[in-house]
Number of protein chains: 2
Amino acid sequence: MKVLTKKTDYAIRALLMLAASRESYVSAKIMAVEQDIPYQFLRGVLQEMIRHNLIVSKEGVQGGFKLTMDPDEIRVNQLIEIFQGGVQVSECMFRKQICANRSRCVLRHEIMRIEQVVQNEFEKVTIGGLFRKLELANQLKPALSTSESVPTT
Amino acid sequence: MKVLTKKTDYAIRALLMLAASRESYVSAKIMAVEQDIPYQFLRGVLQEMIRHNLIVSKEGVQGGFKLTMDPDEIRVNQLIEIFQGGVQVSECMFRKQICANRSRCVLRHEIMRIEQVVQNEFEKVTIGGLFRKLELANQLKPALSTSESVPTT
DNA sequence: TTAATTGATACTAATATAGTATCAGTTATA
DNA sequence: TATAACTGATACTATATTAGTATCAATTAA
Ligand code: FES
Ligand code: FES
């Protein structure tokens, strides 16, 4: 079972590309080609991020997308929230007899504790942080540069 | 997004019932009724647990299921493994250009670290531990006792 | 003017999860 | 020893989620 879905995955990758070119707009096409993401699918993801004010767009020729904030302020946690409705360990597990009083239920506490641990971990991970690690990984080799493109459906 | 699926959920509940009556066999029917789990679905879950040697069964009248080991040795982690194929944060996220060399990829390390954190948390949770907390929650009120039953399809 | 772009939206496909149905075999017990 | 209460095995359907596609209108740089 995967904790991150494709949408979150693609969102992170797109954001990393945008983090790599803070000043200029990057088109969906370029991102789709560079990151090997289905074009229209990516567009949906980008629009969702616009709605959540993570990025802005510019229409027309030379248009594209741009971050609205510092990459360090974008947390993977938030992306999971947007694209997956958060991480919920489980719904109430012992409805019936066992947990007559939900509010006092110890199991529930246990489960919510883990939920919190997971969330905290993803809260630590920012686009900025990932981006710096990436740069390090690529040893100054600019893999995120925009390049000449090939049409995508 | 839910981390625990119904199968894992039901497995935990069934195991808690078995933990409550270590000596005698408990039938699928009783567990289904008591825990409000679809009968045939639960049976599938139970058979899966037999295959993994967590429980044994006895056929025929007065038959049912019984734990093979101490409840403290059964970890939720293992159930997740059995019923959900483990928790995988994501598959390799940056295949193409970005991560030419997977083995050195820092992002991958980050992701695997979180995967480990999640797994460690669930490894801490045992059926025995949950059972004791349950007993506490119910203040000696034996909610898990076997009772007269109603037919289930 | 036109080609490169996003906005909006409606659709299909693939996969995973959840649940149902059925029949054969075993066994306590009346 | 017949029968009802059980499990074993397996095949099936239904529902939800995730992933992906298609289309058309509006915008804009060149
Ligand atoms: S797990 Fe839901 S109230 Fe206890
Ligand atoms: S995330 Fe897969 S190699 Fe880096």
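All figures in this text were calculated on a predicted structure; none of them were measured in a lab. (Residues numbered from 1 in each chain as written. Chains lettered and ligands numbered in written order. Predicted model: local features only at pLDDT ≥ 70, side-chain atom pairs only at ≥ 80, totals over all residues. Heavy atoms only, no water.)

Observations concerning the overall build of chain A
Phase 1: Scanning chain A from N- to C-terminus turns up 6 helices and 2 strands.
Phase 2: The order of helices and strands in chain A, counted from the N terminus, is α-α-α-β-β-α-α-α.
Phase 3: Here chain A holds 153 residues, and the buried ones make up 48% of them.
Phase 4: A fraction of 69% describes how many contacts in chain A between residues 6 or more apart in sequence connect residues 24 or more apart.
Phase 5: Summing over all exposed atoms, chain A offers an accessible surface of approximately 7800 Å²; the carbon and sulfur share of this is 51%. (Helix = DSSP H or I, 4+ residues; strand = E, 2+ residues; numbered from the N terminus. Buried < 20%, exposed > 50% of the residue type's maximum accessible area, 1.4 Å probe, protein only. Contact = heavy atoms within 4.5 Å. Areas by Shrake-Rupley, 256 points an atom, 1.4 Å probe, with all protein chains shown as cover.)

Description of the protein's contact with DNA strand C
Phase 1: Around DNA strand C sit 27 residues, and of these Ala28, Arg43, Ser57 and Phe65 of chain A together with Lys6 of chain B come closest.
Phase 2: In DNA strand C, atoms within 4 Å of the protein come 58% from sugar and phosphate.
Phase 3: Those elements giving two or more residues to the surface near DNA strand C turn out to be α2 (28–35), α3 (39–51), β1 (55–58) and β2 (64–67) of chain A together with α1 (6–20) and α3 (39–51) of chain B.
Phase 4: Of the residues forming the surface near DNA strand C, the biggest block, 4 residues, is contributed by α3 of chain A.
Phase 5: When its residues are assigned to classes, the surface near DNA strand C shows 9 nonpolar, 11 polar and 7 charged. (Near = heavy atom within 4 Å. Nonpolar A, V, L, I, M, F, W, Y, C, P; charged D, E, K, R; others polar.)

Observations regarding the protein's contact with DNA strand D
Phase 1: Residues in close proximity to DNA strand D total 27 residues, the closest being Lys6 of chain A together with Ala28, Arg43, Ser57 and Phe65 of chain B.
Phase 2: Within 4 Å of the protein, the atoms of DNA strand D are drawn from sugar and phosphate moieties in a proportion of 59%.
Phase 3: One of the backbone N or O atoms of Val61 of chain A is found 3.5 Å from a base oxygen in DNA strand D.
Phase 4: Ala28 of chain B places a polar main-chain atom, nitrogen or oxygen, 3.0 Å from a phosphate oxygen of DNA strand D. (Polar contact = N/O pair within 3.5 Å; in protein donor to acceptor, adjacent residues only side chain to side chain.)

Quick look at the confidence of the model for chain A
Detail in the predicted coordinates should be disregarded across regions flagged by low pLDDT.
Residue and element names in this part refer to chain A.
Phase 1: Summing up the model confidence of chain A, the mean pLDDT is 82 and the portion of residues at 70 or higher is 75%.
Phase 2: Below a pLDDT of 50 lies the segment residues 94–98, which in the model reaches 20 contacts outside its immediate sequence neighbourhood of four places, other chains included.
Phase 3: Throughout residues 139–153 the model reports pLDDT below 50, and contacts reaching past four residues in sequence, or to other chains, amount to 23 contacts. (pLDDT = per-residue confidence, 0-100.)

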